[in-house]
Amino acid sequence: MTAIGALLLGGCLLGASGPAPAMAGPQRHGPARVEAVRADVSARITSRNPNPALPPAAVCWSLVGAVRVRSRLVGGPWWSKTGRPDGPRPIGLQPPSITRLVERFKRTRSLSVLFQLAVQIVRQGRATELAYGGFCALFHHPSAIHRWGDTGALTRISGEKGEYLRRAVLSRSQLIQTFNDRFAVDTLPSDFEAARRESVRVDGKCLILGEYGEGARIACVTAKSCVLSEYYGEIRGVRHIHAIHPYGHAGEYLVSTGDRKKLLDLWVINEDELRFERRLRSHLAGYTAVAEVNGRYYFGTDFSGRPNYIEVLGGGRYFFPQQAYRLHAATFHVVLDRYIVSVNKELEPSGGRRTLSVFDTHSMQFVYCDSLEASEATSLVETARAS
């Protein structure tokens with residue numbers, strides 16, 4: 001406790017030490033400027049640390065360094081009024097992700113890493129989400145796999161397995177290559193990084209794209225123009241768009257967001273742009289996969305390393321079988337207006353495993369779940385029949 005208290009005290013002292021002194025050198029993101037700031041902050045932390053054996057720079061950096069240093073690098077707030085970053089974040093200042101910290105702790109069992117992990121969870125506002133994951137793990141166990149005898153569906157899904165192996169995210173260049181013959185995709189801003197397949201929709205003469213990366217813009221691209229909505233830039237905690245799916249009447253769309261702020265909203269297309277209509281869910285709604293089957297809407301959750309499920313809009317929740325239980329739903333595919341084929345994926349830092357699950361919307365049961373690998377492209381029918 002003494003060591004942790006010393007670290008917290010060092011962080012508080014640094015955070016309360018007043019305005020940083022002016023520093024010579026370039027005023028924005030040059031390598032010399034970045035290194036100068038890093039050295040200055042590390043020295044200031046070390047000078048207040050009573051125990052040099054501890055790694056204070058790494059831990060206290062997680063507590064206060066990012067806020068102070070990023071303002072010093074850009075000469076003001078890191079985020080502009082619209083919520084868009086004013087410039088690229090220096091690579092050397094990128095805080096480690098929660099997933100990477102979890103994997104590092106599994107390897108090292110280091111208390112320092114565990115402390116950094118706790119700080120990142122609180123900073124990113126994930127405490128409630130993780131508590132909910134713990135609740136689900138205790139009270140909602142993986143679903144059983146029920147016997148399946150639909151030979152036609154087996155054959156159809158097995159034949160389309162190559163479709164399920166496609167990447168879930170399309171980069172800007174891939175979007176241009178795929179759609180530029182019909183839509184002016186090359187007019188997208190150069191910093192529009194990518195879009196998930198689940199947030200790429202064609203509505204008549206308009207291509208709708210939800211930004212995935214360090215931005216949450218929604219683009220409506222026609223043959224001659226590109227109109228962007230920056231509505232989510234004003235909402236703290238919305239990092240990017242997870243999914244966009246047609247809903248109800250023509251021109252209505254469901255939009256889900258991530259990462260910290262997991263919203264489900266209704267949007268309406270108006271000529272050549274989408275506009276926000278109303279909020280449907282304000283918590284735990286960052287669905288990464290959506291499907292409509294016979295008028296009902298099914299959503300796949302985005303929890304990494306925690307229990308995941310299919311949720312029916314206005315209905316129940318159906319937790320994935322064991323192999324897919326802790327993998328987020330990457331994409332949904334509807335087969336024969338009855339079955340939802342879900343590709344679940346583990347984040348790359350954790351191994352990148354993928355599974356394929358089949359959910360029967362008639363019986364509301366899972367009828368298949370197994371690993372999804374290119375080398376197993378012909379094993380679906382045999383595996384299902386043997387279960």
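Residues numbered from 1 in each chain as written. Predicted model: local features only at pLDDT ≥ 70, side-chain atom pairs only at ≥ 80, totals over all residues. Heavy atoms only, no water.

Moving on, we come to the overall build of the protein chain. Helix and strand counts for the protein chain stand at 10 helices and 17 strands. The proportion of buried residues among the 387 residues of the protein chain is 46%. Restricting the contact set of the protein chain to residue pairs at least 6 apart, pairs at least 24 apart contribute 52%. Carbon and sulfur atoms provide 54% of the accessible area of the protein chain, an area that totals close to 18,700 Å². (Helix = DSSP H or I, 4+ residues; strand = E, 2+ residues; numbered from the N terminus. Buried < 20%, exposed > 50% of the residue type's maximum accessible area, 1.4 Å probe, protein only. Contact = heavy atoms within 4.5 Å. Areas by Shrake-Rupley, 256 points an atom, 1.4 Å probe, with all protein chains shown as cover.)

The next point concerns the sheet that holds strand E11 (residues 296–300). The strands that make up a sheet pair up through hydrogen bonds in the backbone, lying either parallel or antiparallel. On the basis of which strands lie adjacent, the open sheet formed by four strands has the order E10-E11-E12-E13 and antiparallel pairing. A single partner strand is all that each edge strand has here, and the edge strands are strand E10 (289–293) and strand E13 (317–319). Strand-to-strand twist of the sheet, defined as the mean angle between neighbouring strand axes without regard to direction, takes the value 20°. Judged from the three bridges that link them, E11 and strand E12 (residues 309–312) form a sheet pairing that is antiparallel. Paired with Phe299 across the strands is Glu311, a residue of E12. (Pairing = 2+ DSSP bridges. Axes fitted to C-alpha atoms, helices over the stretch in contact; angles between N-to-C directions.)

That bond from Gly258 to Asp259 is cis: its omega, 5°, falls within 30 degrees of zero. Of note in the backbone geometry, Arg109 takes a positive phi value of approximately 55° without being a glycine. Examined against the element boundaries, Arg109 turns out to sit in the loop between helix H4 (98–108) and helix H5 (111–123). By relative accessible area, Arg109 is classed as exposed at 57%. One non-glycine residue, Met364, lies in the positive phi region at around 55°.

When you tally the buried positions in strand E15 (residues 339–345), you get six out of seven residues, the bulk of the element. The hairpin formed by strand E14 (residues 328–335) and E15 contains three residues between the paired strands, and Leu336 there has a positive phi angle of roughly 60°. Strand direction decides the pairing type here: E15 and strand E16 (residues 354–360), joined by seven bridges, are antiparallel. Following the sheet pairing, Lys345 is matched in E16 by Arg354.

This paragraph deals with the sheet that holds E16. An order of E14-E15-E16-E17 is seen for the four strands of this open sheet, with the pairing classed as antiparallel. Each having just a single partner strand, E14 and strand E17 (365–371) make up the two edges of the open sheet. On average, each strand axis in the sheet is tilted by 20° relative to the strand beside it, whichever way the strands run.

To continue, consider a nonpolar patch on the surface. On the surface, Phe135, Leu138 and Phe139 cluster together to form a nonpolar patch covering roughly 350 Å² of accessible area. For Leu138, a relative accessible area of 61% puts it in the exposed group. (Patch = residues over 30% accessible without salt bridge, like charges linked within 9 Å, V, L, I, M, F, W, Y side chains within 5 Å. Salt bridge = Lys/Arg side-chain N within 4 Å of Asp/Glu carboxyl O.)

Moving on to the pattern of salt bridges. Using the criterion set out here, one finds 15 salt bridges in the structure. Among the ionic pairs, Asp302 bridges to Lys262, the shortest N-O distance being 2.6 Å. With Asp302 in the loop between E11 and E12 and Lys262 in the loop between strand E7 (252–259) and strand E8 (264–270), this pair connects stretches of sequence that are 40 residues apart. Lys262 shares its class with Asp302; the two are buried.

On to helix H7 (residues 151–159), then. Where H7 is concerned, the buried positions are Ala153, Leu154, Ile157 and Ser158. End-on, the buried residues of H7 take up no more than an arc of 125°, which puts them together on one face. (Arc of directions from axis to C-beta.)

Evaluation of the coordinates by the stated rule reveals 17 aromatic pairs. Plain terms: the ring middles of Tyr318 and Phe359 are 5.4 Å apart, the flat faces sit at 50° to each other, and that makes the pair tilted. Residue Tyr318 is found in strand E13, and its partner Phe359 is found in strand E16; the two are separated by 41 residues along the sequence. For Phe359, a relative accessible area of 1% gives the class buried. Taken together through their ring pairs, the aromatic side chains of Tyr132, Phe303, Tyr309, Phe319 and Tyr325 make up a single cluster. Its guanidinium or amino end placed over the ring of Tyr212, Arg196 lies 6.0 Å from that ring's centre, counting from NZ or CZ. (Phe/Tyr/Trp six-rings, centres within 6.5 Å; stacked < 30°, edge-to-face > 60°. Lys NZ or Arg CZ within 6 Å of the ring centre and 35° of its normal.)

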